[in-house]
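This is what each chain is made of:
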Amino acid sequence: MNNTIIKRYEASSSRFGNGSRENSFKTPLGVHRIRHKIGSGAPSGRIFKDCIDTGTNWDPRVTVENLILTRILRLEA
């Protein structure tokens, strides 16, 4: 790996948006490096539980809170 930035994306992993206030449930501001990707090749809307592909796609007609869908990106500490 040569540490070359290939692309940059603005992203928030929280429905509360971005921010640095403690206990705000917001995605912290700053530059983050992805350490591990989970869900590569999974179809859009795939449901993950405990970082495992459940084999089930999200149905928007069913109300379920706090689903992890399609991709999980673990960041470096």
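Residues numbered from 1 in each chain as written. Predicted model: local features only at pLDDT ≥ 70, side-chain atom pairs only at ≥ 80, totals over all residues. Heavy atoms only, no water.

Focus on the environment of Lys26
Quick note on the threshold: Strands here mean DSSP runs of E at least two residues long; helices mean DSSP runs of H or I at least four residues long; both are numbered from the N terminus. Only heavy atoms matter for contacts: two residues are in contact if any of them lie within 4.5 Å across the pair.
Examined against the element boundaries, Lys26 turns out to sit in the segment before strand E1 (34-38). Setting aside anything within four residues of it in sequence, one finds Lys26 in contact with Ser14, Phe16, Gly17, Asn18 and Gly19.

A short note on unusual backbone geometry
So the rule is basically this: Exposure classes here rest on a 1.4 Å probe applied to the protein chains alone. A residue is buried below 20% of its type maximum, exposed above 50%, and partly exposed in between.
The backbone of Asn23 sits at a positive phi, close to 65°, despite the residue not being glycine. By relative accessible area, which is 67% here, Asn23 ends up exposed. Notably, Asp50 is not glycine yet its phi reads approximately 55°, a positive angle. Examined against the element boundaries, Asp50 turns out to sit in the loop between strand E2 (46-49) and strand E3 (52-57). Here Asp50 falls in the exposed class, since its relative accessible area comes to 65%.

Digging into the side chain of Thr70
Keep this limit in mind: Here a polar contact is taken to be a pair of N or O atoms separated by no more than 3.5 Å, where protein atoms must pair a possible hydrogen donor with a possible acceptor and residues adjacent in sequence count only if both atoms sit in side chains.
Looking at the element boundaries, Thr70 is found in the loop between strand E4 (68-69) and strand E5 (72-75). Judged by relative accessible area, Thr70 falls into the buried class, the value being 17%. Of the polar contacts made by the side chain of Thr70, one reaches the backbone nitrogen of Gly45; its length is 2.6 Å. Ignoring any residue separated from it by four or fewer positions in sequence, one finds Thr70 in contact with Ile38, Gly39, Ala42, Pro43, Ser44, Gly45, Arg46 and Phe48.

Here we look at the pairing of E3
Test applied: Pairing between strands is defined by DSSP: at least two bridges between them are needed.
In the sheet, E2 pairs with E3 via 3 bridges, with the strands oriented antiparallel. Paired with Phe48 across the strands is Asp53, a residue of E3. The antiparallel hairpin formed by E2 and E3 contains 2 residues in its connecting segment, where Asp50 sits at a positive phi of about 55°.

Notes on the pattern of salt bridges
To be explicit about the condition: Between Lys or Arg on one side and Asp or Glu on the other, a salt bridge is scored when a side-chain nitrogen of the former is within 4 Å of a carboxyl oxygen of the latter.
The final tally for this structure, using the stated rule, is 2 salt bridges. Here Asp53 makes a salt bridge to Arg46, at a shortest N to O gap of 3.1 Å. When its relative accessible area of 15% is taken as the criterion, Arg46 is described as buried. Across the pair Arg61 and Asp59 runs a salt bridge, and its minimum N-O distance is 2.9 Å. A residue is classified by how much of its surface remains accessible, and Asp59, at 24% relative accessible area, is partly exposed.

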